[in-house]
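# Structural overview for review
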Amino acid sequence: MRTKSLLLVPIDGSDTALRALRHACRRFRAGGYGTLVALNVQTPMPSSAFVSRRMIREHHAQQSDEALAPARALAARCNVPLDCRMVVGEPAAEIVAAVRKTRGDEIVMGTRGLGRLGGLLLGSVATKVVQLAPVPVTLVK
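Given the structure is predicted, the values throughout are model-derived calculations rather than measurements.

### Quick notes on the confidence of the model for the protein chain
Of the residues in the protein chain, 89% reach a pLDDT of 70 or more, and the chain-wide mean stands at 89. Put simply, helix α4 (residues 115-122) is where the protein chain has its lowest mean pLDDT, 48, and strand β3 (residues 83-88) is where it has its highest, 98. Note on residues 118-123: pLDDT is under 50 here. Beyond four places in sequence and across chains, it has 5 contacts.

### A word on the pairing of strand β2 (residues 33-42)
Regular strands place their side chains on alternate faces of the sheet. The buried fraction of β2 is high, at 8 of 10 residues. Examined bridge by bridge, β2 and β3 share 6 bridges and lie parallel to one another. Pairing of V37 across the sheet is with D83, part of β3. Between β2 and its parallel partner β3, the chain crosses via helix α2 (residues 53-77), and the hand of that crossover is right-handed.

### Things to note about the environment of L36
Checked against the element boundaries, L36 lands in strand β2. For the pair L36 and C25, spaced 11 residues apart in sequence, the C-alpha to C-alpha distance is 7.9 Å. The contacts of L36, once residues within four sequence positions are left out, are L7, V9, L21, A24, C25, F28, V80, P81, L82 and D83.

Scoring rules and cut-offs
Residues numbered from 1 in each chain as written. Predicted model: local features only at pLDDT ≥ 70, side-chain atom pairs only at ≥ 80, totals over all residues. Heavy atoms only, no water. pLDDT = per-residue confidence, 0-100. Helix = DSSP H or I, 4+ residues; strand = E, 2+ residues; numbered from the N terminus. Contact = heavy atoms within 4.5 Å. Buried < 20%, exposed > 50% of the residue type's maximum accessible area, 1.4 Å probe, protein only. Pairing = 2+ DSSP bridges. Right-handed = clockwise from strand over helix to strand, strands pointing away.

As structure tokens, this is what we get:
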């Protein structure tokens, strides 16, 4: 059996994202994956006369560290190596871009459970990723 290159788990700090990571850790330990990546996507912020680009970068780094800290702890408890990354952009597009760039084999992500109507009205990230991803996407509730 060929070792799969990468299992990508978007992490936004939510409980559902951590449930998805827990599922991904079990899959990783079962074999078939070479790398488990936790990806945190930060929403872009415009700079202004009051907020510099440096301040925005620092803010994104701090927010990302806070979102990824529980993921790092969970992976450590599961004894699974975790590669944590942060990007800035529109979440669904960045998740799909990351899996393409890394030639990942699968995305495992949480869903906030908005339901069909909520997803249709608000346009969930999970729905967009499922539509755009060139690889299988496993959604964890």
